[in-house]
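So you can see what is in the structure, the chains are spelled out below.
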Amino acid sequence: MAILLSLVPPHTRLFWSCVGIYADVVKLCSPSKRLRLLAEDIARFSRKPPETAVESLLRCMDEATSLAEYEKCTIALDKVQGHEAWKEERESIEPGYNPDVIEAQMVMLRRAIATSDLSAVQHLLRTGLSRDLGGMNMLRLYKHSWFGTKYLIDEYINTVLETIDTFADLTVRYNVPTAEVRFYQQSLEDALKYFGRSALTLSGGAVLGMKHIGVVKTLWEAELLPEIISGASAGSIVAGIVGTWTDERMPEVLESFPFSDLAVFDPPGTGRVGWLVNRLRTFMYSSAFFDMGHLKRVMKLWLGDITFREAHYKTGRILNICVSSATSAEPRLLNYVTAPDVLVWSAVCASCAVPNVFSPANIYEKDPNTKEAKLWMQNAQQTFVDGSLDHDIPMRKLSEMFNVNFFIVSQVNPHVRAFLEPEEDFQGRQPSTPVPHHSPLQAAKSVLRREIIHRAQQVADFGLPQKWYRWASVFNQQYTGDINILPEIKPGEYLRMMMNPTPEFMIEASIAGERATWPRMCRIKNCVAIELALIQAIHKLRDRVNFGPEARAARESKRSSSRGRPSRGRSALPAFLRRRSLSIESAIDDENGVRPTSLRVRRNVSLGSIPLKPAMSLAHTSPRTTPFLSPQVGVDLDFLGEALVMTTTKDTV
């Protein structure tokens, strides 16, 4: 064996095979226990040859625990495998990619910034921003390397971000007048309107929806979390929590959420036997398998009595919860516009009310006067069910209400994942064809989906009750967006979809959501960063308009001009006690000290002539013991006197 090993080069697999065989013989024949253990280690090592540089980086990428580690490994992989050369090249095989358009726009932005031309910058930002300028938003451009895309695209995005920041700073540095700052603010608002808004939509999926926590955590830590967040069914739980807590509390919430009380299906500590007993008891009582009371308790614990409007004022985010009517297929989207006073916890419970799993739920709102919870749309007498039933991803509603044209979808619904077409996966080799190829299996899935929709439409044409084919809406939806995040789902997790999540499961689910988001972070950054920079610049200019030097001077001037005046005008007395407001002539005291008031009798076309009695001086009248019932309380006294004069006509005797 020694002679054989000396003849075999040490870098070949045959060499390591011979070493393994020799180690196995020593392990079987050696009387020494220590030698046998050493031989066993050598045999195990020989069957696993030393890692190459690529294999080592791939292993580090799979074992990464943060986005920074993942980025470091993928960048090193691109250098080792030569993908950096493709990033530096201008051209690509995709037919819709046009680098000349991107470079021309970037040159104009740099020239305007170099000359500090605010008008030119304003014009370029208002008319030239686009998510898909020159085809740079194409998914295929992110399938040529492990991390990132063309350097030209990254350079353009950074140039736009620098331009927006510089544009906002120049208005302060040059002490631009408030009127002009307001004009620039309106220009940026128009640019944001043309550029469009992005939204993060979280799908349903029972306990699997907890994987959305990792998605939200990754986007928030990278400061790329969109302001518009939507959730349906289990996704509404995560969306409700994220949409009601401020950025200052977000790290604490994301860290403590997996270890909190999440017993949404059964009381804490319920075993397998108790789980089965509870299912039978609940089904006999309510015709549903789970009691909504546990979910209500958890949601009230996390959300309290906050409403959609209060959540928007508190966080600045736009929270959207999808619900479905129990009697019709018309989808509803609850937010601070459509349901401002609705309690968020009740909307989340209604969105999670899967038919036959939970009973249909009511939605409650906060009474604006008593602050007590009352039934929302009480006269309509409606109950609501799972939001995923009719619109798991409410693209049309969000587009119409908030100008959303870019959707980041986190999808974990098990019945949806089976029909989704997987994205082109990068395995270290760059694509050689302009468009990706579709597998026969995916074509068969598409045919099956269209067949289900067609049969459901036939049932509807027969005039059968809607509840018989309501299930078809589950398949007749669009479940994907512009960027799709698909966390890994293990086979064993399907068996625990309707059980209380444990802290161990929550940690694994959060990690799965993070790892599924990392490969898409470059594209998310390139598509969302400009929008977030525009919003930040708009807020900065708005503060300049409202709290700048001119605004402060105007407030100080107004405050000084009104200094020393009572809060209700020149006199705090009720309007009808002011003599000069009832008489237009100067009063002269008579010999008895009484001031006869010569009032003109005014004519009103609707009331005729009403003679008024002479008024006596208040000094000779007894004090009034009952309060005046003055309808003019709170009315400006000067305006009231003028109103009395304007309602008069000619003098009469």
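Worth saying up front: this structure is predicted, and the values here are computed from it rather than measured.

## Structural notes on helix α11 (residues 212-221)
Point 1. With respect to burial, α11 is a largely interior element, eight of its ten residues being buried.
Point 2. Within α11, the full set of buried residues consists of H212, I213, G214, V215, V216, K217, T218 and L219.
Point 3. After α11 finishes, the residue E223 shows a positive phi value of roughly 60°.

## Regarding the packing of helix α4 (residues 53-62) against helix α5 (residues 67-81)
Point 1. Interhelical geometry of α4 versus α5 gives an angle of 160° and a closest axis separation of 9 Å. By the angle between their axes, α4 is roughly antiparallel relative to α5. Judged by the twist between their axes, the crossing of α4 over α5 is left-handed. On the side of α4, the interface is formed by V54, L57, L58, C60 and M61, while α5 contributes Y70, C73, T74, A76, L77, V80 and Q81.

## Some details on the pattern of salt bridges
Point 1. All told, the structure shown has 24 salt bridges when counted by the stated rule.
Point 2. Here R59 and E63 are joined by a salt bridge, their closest N and O atoms 3.5 Å apart.
Point 3. For R59, a relative accessible area of 33% translates into the label partly exposed.
Point 4. Close ionic contact of K87 with E84 constitutes a salt bridge, the shortest N to O distance being 3.5 Å. Highlighted residues: K87 and E84, both in helix α6 (residues 84-88), separated by three residues, approximately one helical turn. We note that K87, like E84, is buried.

## A few points about the side chain of S351
Point 1. On the secondary structure map, S351 appears in helix α17 (residues 344-351).
Point 2. Under the relative-accessibility criterion, S351 is labelled buried at 0%.
Point 3. Of the polar contacts made by the side chain of S351, one reaches the backbone oxygen of C322; its length is 2.6 Å.
Point 4. Not counting the four nearest positions on each side in its chain, S351 is found in contact with G231, A232, S233, S236, I321, C322, V323, V385, D386 and G387.

## Focus: the UniProt feature "active site" (unreviewed entry) in the protein
Point 1. In this numbering, the UniProt entry assigns the feature "active site" (unreviewed entry) to S233 and D386. For the annotated residues, spread through 154 residues, the largest C-alpha to C-alpha distance comes to 5.7 Å, consistent with a single compact locus.
Point 2. Positionally, S233 belongs in the loop between β2 (228-232) and α12 (234-242).
Point 3. For S233, a relative accessible area of 7% translates into the label buried.
Point 4. Once residues lying within four places of it in the same chain are set aside, the contact partners of S233 are G204, S351, C352, V354, D386 and S388.
Point 5. With respect to the helices and strands, D386 occurs in the loop between β7 (384-385) and α18 (395-402).
Point 6. Polar contacts involving the side chain of D386 include one to the main-chain amide nitrogen of S388, which spans 3.1 Å.

Rules and cut-offs
Residues numbered from 1 in each chain as written. Predicted model: local features only at pLDDT ≥ 70, side-chain atom pairs only at ≥ 80, totals over all residues. Heavy atoms only, no water. Buried < 20%, exposed > 50% of the residue type's maximum accessible area, 1.4 Å probe, protein only. Helix = DSSP H or I, 4+ residues; strand = E, 2+ residues; numbered from the N terminus. Axes fitted to C-alpha atoms, helices over the stretch in contact; angles between N-to-C directions. Parallel < 35°, antiparallel > 145°, perpendicular 65-115°, else oblique. Left-handed = near helix turned anticlockwise from the far one by under 90°. Contact = heavy atoms within 4.5 Å. Salt bridge = Lys/Arg side-chain N within 4 Å of Asp/Glu carboxyl O. Polar contact = N/O pair within 3.5 Å; in protein donor to acceptor, adjacent residues only side chain to side chain. UniProt positions renumbered as here; feature names shortened; annotations may be inferred.

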